[in-house]
Amino acid sequence: MSLNLALSTALTGLLTSQEAMNSVSSNIANVNTAGYTRKTYNPESVVLAGKGAGVQAGQITRHVEQGILDDMRQAKGVFSQLSTTNDFMSRIQDIFGTTSDNNSLSHVVNDLSEQFNLLGLETDKGNQADEVVRAGQEVSNKLNLMTQQIQALRTDADNQVSSVVGQVNSILDSIDSLNDKISLATATNNTSTADLLDKRDMQLNALSQLMDITYYERESGAVSVFTTSGVTLVDNQPNYLSHTPLSSVQPWDSATDGFSGITVAGQDITSQLRSGKLKGLVDVRDGELNNLQSQVDELSQTMMDKVNQVHNRGTSFPSMQSEYTGTRTFIDSSTQRISINNSAADTAIVVFNSDGSQKASTTLRSVMGDVVNGGAATGGPVTIDQLATNLTSWLQSSSGANLAGATASVDSNGHFTVSLNGSGYGLAFRDQTSSVPGSATSDLPISFDPTNSGGAFQAYQSDSGFANFLGLNDFYTTNQQPNWMMQSDILPADYTQVGSSVMNFMTTDDSGAVVNHSLTLANGYSLQDIANRINNDTVLQGKAEIRASVVQEGTGYRLRIRNVNGNELSITGKSANDNYFAALGLQPAATGTAGWMQVNSSLQFNPSEVSRGIAQYNTDTGQFYLSAGDNANANDMSKLFSGVQSYDSAGGMTTGSLTFSDYAASIISGTSSRATTVESTLGYQSSLAQSLEQKNASISAVNLDEELSQLMVYQQSYGAAAKVISTTKQMFDILDSIL
């Protein structure tokens, strides 16, 4: 009996040594296999009836330090996020270049400034006006291109989000499949789960680089995976991510209005992402690139407003302008009204002969009051249609300009137009401090009531300059309605409405019919509450097709309201003095302006109509006149570009005073500075991730010296067990011969 026990005991030693050598050989074979962790074979002694009966196989142990593995995954997730951001920042810098580049935004702005300066010196040279238009178009072309490139990058980021979502779903499938295999192996205890656990860890490593995750292992051996915010990704089955990319991204597209959210089982987790490539892509798409677009739009809008204001003061003599079409769109010109917001200020309206001498003149107050037909001069208010009718009367009247066929009207697009009917005469406007001919020039303060309520006039909006208000002689225009989108000031995340207020909406539907509607804003409304109130209103979501959203910009948020069809939109409060409504700071949005801005098509067709002088007054003759050598407007334009301008907060850039060129340079330098910061942070994170990866490898990786040493031990053990078996056989042979 003792010989049988010796034989069986030696046999278990032989088999156990064989299994141990299999484990060592597997370690050696996988020394360069990614994700493979060192395995240690753990034999266990066998005891029967209190006596040793050999050895048996125990659990195969993986060399893994879970704490270091968790830290490594977190570090590599942040590294992946920063690496994605750094890639896009590099692409942005390639597009924008540096401030010293000859084709940089600041350079082309400086060139336009120089061309206006030369126009002031060479007003009699027609080709200089061509150069002004060329330089002006180069600025708008640069801004258009920057917008296209920014939105192309956002489109690429959005498409990459969709691609990464697909990768995540594939990994979730793999983890779920491995969970099933590990659970089965654990339950049956027939096979080791060590290699399956290695494969699952590799999937978790890959997943953590795409998005932030947490996880825990259940008793069955399966692992449950969640987002850091607690949304289940894998439990009994995978919960797939979903995202639909936009084929083409527009400047106003945001995470809350335009982009598809990244959802899990219908829950949007976009704003809950903390690290990984998905976080980097979303931050670039909705943060850096969106902020950059806002800065470029703010420069474009400010430049367009300021340049147009100066250009509308001037005249292009010796080229005569007898046709004007304004750029402001009136929703209902029969009811919308304007008024002069000053008791003395006025605008001289002058018709000139081809030699620059005066043919006839009047004042805006006289036109508003229809003095030519016996009315009294007034500063308004008058409707836009009344203004057009009265101006037509003066232009045609024998006691006025006496121009048969000359008209002023509001065209089918809602634009104020003036035509002298090709008479060979020119028309100019001169804003003055009073109605006295030749009084000092000063932009006319205009008040505008865009509502059609028919009640008392409310000065909801204000502007400077009569021609500028109508946009009759704009240098820059856009191919989009100027007021199709409104947005608030940048407000804090915890902004709430103080007191109740009213929002009056006025717009047109696709048929051109005017739509009026009002909403009450309750005390305590947040920006999102206001947006929800608008989006849940059946009238505004019907014919009007008005959409509202809350978008992040810089460190704050804006309420953005737009007409989906791009039609003109007016939003006013309960009254012009509604402080609760005014706290929102709603105004026409600059969003997208850089992509649409262009030199007025009439100036591109005929550069000689660029303003250079102004309507002058001769006290000796008591008449207005135009002079070919007058450079007053060109000089004002040159001063505009050399002087500092005020800008609203946009894309993280605070309000301030800079020249156009300096603001353009600050956009480029700010981008460069942020890119440098990201690159520096990425370098630190790379070192951290590599350090943790090396630490993890020192624990989990296969060491050939150690494995060869173990192989010798098990080889000797195997040989010893074999010797015992051989000796036992010899003893059995001796016993057999005796018997």
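Look up a bit, the structure's there.
Residues numbered from 1 in each chain as written. Predicted model: local features only at pLDDT ≥ 70, side-chain atom pairs only at ≥ 80, totals over all residues. Heavy atoms only, no water.

Draft legend 1. How the structure looks around the pairing of strand β10 (residues 337–340). Alternating positions in β10 separate into two faces, Arg337 and Ser339 on one and Ile338 and Ile340 on the other, with burial throughout. Strand direction decides the pairing type here: β10 and strand β17 (residues 445–449), joined by four bridges, are antiparallel. Within β17, the position partnered with isoleucine 340 by the bridge is isoleucine 446. (Buried < 20%, exposed > 50% of the residue type's maximum accessible area, 1.4 Å probe, protein only. Helix = DSSP H or I, 4+ residues; strand = E, 2+ residues; numbered from the N terminus. Pairing = 2+ DSSP bridges.)

Draft legend 2. Region of the structure containing the sheet that holds strand β22 (residues 514–521). Reading across from one edge, β22-β21-β25 is the order of the three strands in this open sheet, with antiparallel pairing throughout. Two strands bound the open sheet, and with one partner strand each, they are β22 and β25 (569–572). Across the sheet, the mean angle from the axis of one strand to that of its neighbour is 15 degrees, orientation sign disregarded. Most of the contacts of helix α10 (residues 527–535) go to β22, to which it runs at about 140 degrees, and overall it touches β21 (501–508) and β22. (Axes fitted to C-alpha atoms, helices over the stretch in contact; angles between N-to-C directions. Contact = heavy atoms within 4.5 Å.)

Draft legend 3. Broad picture of the side chain of threonine 84. Here threonine 84 lies in helix α2 (residues 66–96). Discounting chain neighbours no more than four positions away, the residues touching threonine 84 are Lys277, Gly280 and Leu281.

Draft legend 4. Examining the pairing of strand β4 (residues 223–227) more closely. Of all five residues in β4, five are buried, a share of seventy percent or more. Residues Val223, Val225 and Thr227 line one face of β4 and the alternating positions Ser224 and Phe226 line the opposite face, and both faces are buried. Judged from the five bridges that link them, strand β3 (residues 213–217) and β4 form a sheet pairing that is antiparallel. The partner of isoleucine 213 across the bridge, within β4, is threonine 227. As consecutive antiparallel partners, β3 and β4 are separated by five residues, and within that stretch glycine 221 has a phi angle of approximately 95 degrees, a positive value. The pairing of β4 with strand β5 (residues 232–234) spans two bridges and is classified as antiparallel.

Draft legend 5. Quick look at the layout of surface pockets. Of the volumes computed, that of the second largest pocket is approximately 940 Å³. Around the second largest pocket, the lining is made up of 35 residues, and of these Val282, Asp283, Asp286, Gly287 and Gln552 lie nearest the centre. In terms of residues, the lining of the second largest pocket owes the most to one element, helix α6 (residues 277–311), which gives eleven residues. Residues that form the lining of the second largest pocket fall into these classes: eleven nonpolar, 16 polar and eight charged. (1 Å grid on protein atoms, 1.4 Å probe; cavity = no way out; pocket = protein on both sides within 12 Å on 5 of 7 lines; lining within 4 Å. Points joined across faces, edges and corners; volume = space filled by probe spheres on them. Nonpolar A, V, L, I, M, F, W, Y, C, P; charged D, E, K, R; others polar.)

Draft legend 6. Region of the structure containing the packing of α6 against helix α14 (residues 632–642). Two elements in contact, α6 and α14, have axes separated by 9 Å at closest approach and are oriented at 160 degrees. As judged from the angle between their axes, α6 and α14 are roughly antiparallel. The way α6 lies across α14 gives a crossing that is right-handed. When α6 is examined against α14, the residues Lys306, Val307, Val310 and His311 are found in contact with a partner set consisting of Asn633, Asp636, Met637, Leu640 and Phe641. (Parallel < 35°, antiparallel > 145°, perpendicular 65-115°, else oblique. Left-handed = near helix turned anticlockwise from the far one by under 90°.)

Draft legend 7. Structural view of the packing of α2 against helix α15 (residues 660–700). The N-to-C vectors of α2 and α15 enclose an angle of 155 degrees; their axes lie 8 Å apart at closest approach. Between α2 and α15, the crossing angle belongs to the class labelled roughly antiparallel. Classified by chirality, the crossing of α15 by α2 is left-handed. Each residue belonging to the contact of α2 with α15 can be placed in one class, and the counts come to 18 nonpolar, ten polar and six charged.

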